[in-house]
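Here's the letter readout for the chains.
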Amino acid sequence: MPAMIPEKIAFLDSEITGLRSRIGDGGNSVQRAKLKMLRDIREDYQKSIDVAARREQGGAS
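Residues numbered from 1 in each chain as written. Predicted model: local features only at pLDDT ≥ 70, side-chain atom pairs only at ≥ 80, totals over all residues. Heavy atoms only, no water.

Novice: Residues and numbers for the nonpolar core, please.
Specialist: One finds Leu 12, Ile 16, Leu 19, Ile 23, Leu 35 and Leu 38 forming the largest nonpolar core, which totals six residues. Of all elements in the fold, only helix H1 (5-23) and helix H2 (29-60) reach the threshold of two or more residues within this core. No other element matches H1, which puts four residues into this core. Filtering out sequence-adjacent residues up to four positions away, Leu 35 remains in contact with Ile 16, Leu 19, Arg 20 and Ile 23. (Core = buried A, V, L, I, M, F, W, Y, C linked by side-chain atoms within 4.5 Å. Buried < 20%, exposed > 50% of the residue type's maximum accessible area, 1.4 Å probe, protein only. Helix = DSSP H or I, 4+ residues; strand = E, 2+ residues; numbered from the N terminus. Contact = heavy atoms within 4.5 Å.)

Following this line, the structure appears as structure tokens:
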């Protein structure tokens, strides 16, 4: 698994949660853009974990 990816995902999860609570149902365009950016980054890290897991499973067979 790529280095520190779980820690990065945990950090992003906390940032996303905090930002969601600050903006509530509204928020301004900058906050909404930041939230989307954080979600996109988190999704990319999750994909990295998924790819690494598939590689490990393929190598173990």
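Novice: Give me the lowdown on H1, citing residues and values where you can.
Specialist: With 19 residues, H1 should reach 27 Å at 1.5 Å per residue; the first-to-last C-alpha distance of 27 Å fits that figure. What H1 keeps buried is the set Ile 5, Ile 9, Leu 12, Ile 16, Gly 18, Leu 19 and Ile 23. Directly beyond the C-terminal end of H1, a positive phi value near 60° is found at Gly 24. (Expected span 1.5 Å × (residues − 1).)

Novice: Explain the pattern of salt bridges to me, using residue names and the numbers behind them.
Specialist: Where charged atoms of side chains with opposite charge meet at close range, the side chains can pair. Tallied over the full model, the rule gives three salt bridges. Residue Glu 43 pairs with Lys 47 through a salt bridge whose shortest N-O separation is 3.3 Å. With Glu 43 and Lys 47 both in helix H2, this residue pair falls four residues apart, about one helical turn. For Glu 43, a relative accessible area of 42% gives the class partly exposed. Residue Lys 47 is classed as partly exposed on the basis of its relative accessible area of 46%. (Salt bridge = Lys/Arg side-chain N within 4 Å of Asp/Glu carboxyl O.)

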